[in-house]
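# Reading the structure
Listed here are the chains, written in short residue letters.
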Amino acid sequence: MSFPEENNLDERDGRYLRKAIVWSHAGRRRGNRPFGAVVVSEAGEVLAEAYCDSTETGDCTGHAETNAIRLLGARKVPRDVLARSTIYSSSEPCVMCAGAIFWSAIGRVVYGIDAERLRVYRGERGEQRDAQLSCRDVFDASPHTIECIGPALVDEAAAAHIGAWKE
Ligand SMILES: [Zn+2]
């Protein structure tokens, strides 16, 4: 199931989603897939920011969201702070990252390009294909509420993917 693009992001959500997109470009410049994530507290403090580094580390779990969540753990950010925080992701979280967001207790997600549109860039190569389970299916199964907003700023989020995947 696909959702229409969210065109009413407020200034703050737009600012931090663009920051996640900047991280997606930074990751790509280092030879990784272009994905970025930023976690921001209710008070507006950036708690963690990261890019996907799976290509440079060889760690398939090194997605932008999981890397950001590991940084939160290293900083021992309290669960109640995370429940009122937002994770901004340059693309729709994959099934692994949606699970990590659930376990982190982060209460809100804003993402850029959705998985369906991203598949146009991934193409049909086996190792580039994703598991086709929406992040919302994971969040909807959660006993605590996880608000999910996206896709948003799709064209801006998509730009990092142009030419970044093998044909
Ligand atoms: Zn992921």
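That block above? That's the structure.
Residues numbered from 1 in each chain as written. Predicted model: local features only at pLDDT ≥ 70, side-chain atom pairs only at ≥ 80, totals over all residues. Heavy atoms only, no water.

## Some remarks on the pairing of strand β1 (residues 36–40)
Burial analysis of β1 places five of its five residues in the buried class, the great majority of the element. The alternating pattern of β1 places Gly36, Val38 and Val40 on one face and Ala37 and Val39 on the opposite face, and all of these are buried. Judged from the five bridges that link them, β1 and strand β2 (residues 46–51) form a sheet pairing that is antiparallel. Each residue of the ladder has a partner; that of valine 40, found in β2, is valine 46. Where β1 folds back onto β2 in an antiparallel hairpin, the turn is made up of five residues, including glycine 44, whose phi is positive at roughly 95°. Bridge count between β1 and strand β3 (residues 86–91): four bridges; the pairing is antiparallel. Opposite valine 38, over in β3, you have tyrosine 88 as the bridge partner. (Buried < 20%, exposed > 50% of the residue type's maximum accessible area, 1.4 Å probe, protein only. Helix = DSSP H or I, 4+ residues; strand = E, 2+ residues; numbered from the N terminus. Pairing = 2+ DSSP bridges.)

## As for the packing of helix α3 (residues 64–75) against helix α5 (residues 95–104)
For the pair α3 and α5, interaxial distance at closest approach is 8 Å and the crossing angle is 25°. By the angle between their axes, α3 is roughly parallel relative to α5. Every pair of crossing elements has a handedness; the one defined by α3 and α5 is left-handed. Each of Glu65, Thr66 and Ile69 in α3 lies in contact with α5, whose residues at this interface are Met96, Cys97, Ala100, Ile101 and Ser104. Here the residues of the contact of α3 with α5 sort into five nonpolar, two polar and one charged. (Axes fitted to C-alpha atoms, helices over the stretch in contact; angles between N-to-C directions. Parallel < 35°, antiparallel > 145°, perpendicular 65-115°, else oblique. Left-handed = near helix turned anticlockwise from the far one by under 90°. Contact = heavy atoms within 4.5 Å. Nonpolar A, V, L, I, M, F, W, Y, C, P; charged D, E, K, R; others polar.)

## Overview of a nonpolar patch on the surface
A surface patch of nonpolar side chains, about 210 Å² in accessible area, is lined by Val95, Met96 and Leu133. For methionine 96, the position within the fold is in helix α5. (Patch = residues over 30% accessible without salt bridge, like charges linked within 9 Å, V, L, I, M, F, W, Y side chains within 5 Å. Areas by Shrake-Rupley, 256 points an atom, 1.4 Å probe, with all protein chains shown as cover. Salt bridge = Lys/Arg side-chain N within 4 Å of Asp/Glu carboxyl O.)

## Digging into the coordination of the zinc ion
Six octahedral donors around a metal ideally sit at 90 or 180 degrees from one another, while four tetrahedral donors ideally sit at 109.5 degrees. For the zinc ion, the protein coordination sphere consists of His63 (ND1), Cys94 (SG) and Cys97 (SG), at 2.0 to 2.3 Å. Written as a sequence motif, the donor arrangement for the zinc ion is H-x30-C-x2-C. Separated by 34 residues along the polypeptide, histidine 63 in the loop between α2 (54–57) and α3 and cysteine 97 in helix α5 bring together distant segments of the chain. (Donors = N, O, S within 2.8 Å, 3.2 Å for Na, K, Ca; no water.)

## Quick look at the packing of aromatic side chains
Evaluation of the coordinates by the stated rule reveals four aromatic pairs. Geometrically, the ring pair formed by phenylalanine 102 and tryptophan 103 is edge-to-face, given 4.8 Å between the ring centres and 65° between the ring planes. Using a relative accessible area of 67% as the deciding quantity, one classes tryptophan 103 as exposed. Over the aromatic face of tyrosine 16 sits the side chain of arginine 15, whose NZ or CZ is 5.0 Å from the ring centroid. Just above the ring of phenylalanine 3 sits the side chain of arginine 136; from NZ or CZ to the centre is 3.8 Å. (Phe/Tyr/Trp six-rings, centres within 6.5 Å; stacked < 30°, edge-to-face > 60°. Lys NZ or Arg CZ within 6 Å of the ring centre and 35° of its normal.)

## Overview of the pattern of salt bridges
Enumeration according to the criterion identifies 13 salt bridges in this entry. Of the charged contacts in the structure, one is a salt bridge between arginine 84 and aspartate 80, with a shortest N-O distance of 3.5 Å.

## Details of unusual backbone geometry
Omega for the peptide link from glycine 150 to proline 151 comes to 0°, which places this bond in the cis form. Along the polypeptide, proline 151 turns up in the loop between β5 (147–149) and α8 (154–159). The phi torsion at lysine 76 lies on the positive side, around 55°, for a residue other than glycine. On the secondary structure map, lysine 76 appears in the loop between α3 and α4 (79–83). Although it is not a glycine, alanine 105 adopts a positive phi angle of roughly 80°. Inspection of the secondary structure assignment puts alanine 105 in the loop between α5 and β4 (108–113).

Function-wise, these values are silent; they only describe arrangement.
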